[in-house]
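Understanding the architecture of this molecule
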Amino acid sequence: GWSSPCHNGNLLHFDQGTEYAKRLPRTGDRVGLRVDMDARTLEVCINGESQGVMVSSLPSSLFFVVDAGDKAQAIRIATS
């Protein structure tokens, strides 16, 4: 699996970490995931601005997990 902690912008895949995000999300930002199953890619968007392809060669089945990290953070899951 992959993860992208918001505190440093790195992409983690198993025990390997690489730099990913152009910028880190800030309070009030809207963070979105764009999945293209035809191209098998996943990208992160912050306030509608793509941060680039985060993962390519996605498997055919995906599961997403969101972790707020601390009590001061709020998460709302919306579809577009």
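The sections below set out a description of the structure shown in this document. Residue positions are counted from 1 within each chain, in the order its sequence is given. Whole-chain, interface and lining totals are the exception, using all residues; otherwise, since this is a predicted model, local features are given only for residues with pLDDT of at least 70 and side-chain atom pairs are given and counted only at 80 or more. Side-chain descriptors were evaluated using all non-hydrogen atoms of the structure, hydrogens and water having been removed beforehand.

Some thoughts on unusual backbone geometry
Even without a glycine there, the phi angle at R40 is positive, about 60°. Each helix is a run of DSSP H or I of at least 4 residues and each strand a run of E of at least 2, with the numbering of both proceeding from the N terminus. As for its position among the elements, R40 is in the loop between β4 (31–36) and β5 (41–46). Each residue's exposure class comes from its accessible area (1.4 Å probe, protein chains only) as a fraction of the maximum for that residue type: buried when under 20%, exposed when over 50%, partly exposed otherwise. Since its relative accessible area comes to 30%, R40 is described here as partly exposed. The phi torsion at N47 lies on the positive side, around 55°, for a residue other than glycine. Counting through the fold element by element, N47 comes out in the loop between β5 and β6 (49–56).

Focus: the pattern of salt bridges
Opposite charge on two side chains lets them pair, provided their charged atoms get close. Note on definitions: salt bridges are taken to be side-chain nitrogens of Lys or Arg within 4 Å of carboxyl oxygens of Asp or Glu. As enumerated under the stated definition, the model contains 1 salt bridge in all. In this structure, R34 engages E43 in a salt bridge whose closest nitrogen and oxygen atoms are separated by 3.5 Å.

Overview of the environment of A39
In this structure, A39 sits in the loop between β4 and β5. With relative accessibility at 47%, the residue A39 sits in the partly exposed group. Each C-alpha atom of the pair A39 and S57 lies 7.8 Å from the other, and the pair is 18 residues apart in sequence.

What to know about the sheet that holds β4
The antiparallel open sheet is built from 3 strands, whose spatial order is β4-β5-β6. In the strand order of this sheet, the two ends are held by β4 and β6, each with one partner. Across the sheet, the mean angle separating the axes of adjacent strands is 25° when strand polarity is ignored. In this description, strands pair whenever DSSP reports at least two bridges between them. Summarising the sheet, β5 and β6 pair through 5 bridges and their orientation is antiparallel. Directly across from L42, in β6, lies its bridge partner V55. Note on method: axes are straight lines fitted to C-alpha atoms, helices fitted across the in-contact stretch only, with angles between N-to-C directions ranging 0 to 180 degrees.

What about the pairing of β4?
Across 6 bridges, β4 lies against β5 in antiparallel orientation. Residue pairing in the sheet places G32 in a bridge with C45 of β5.

Regarding the side chain of Q51
Mapped onto the elements, Q51 comes out in strand β6. Judged by its relative accessible area of 5%, Q51 falls in the buried class. Of note is the side chain of Q51, whose polar atom sits 3.2 Å from the backbone oxygen of E49. What qualifies as a polar contact is a pair of N or O atoms within 3.5 Å, subject to a donor-acceptor requirement within protein and to the restriction that residues adjacent in sequence count only when both atoms come from side chains.

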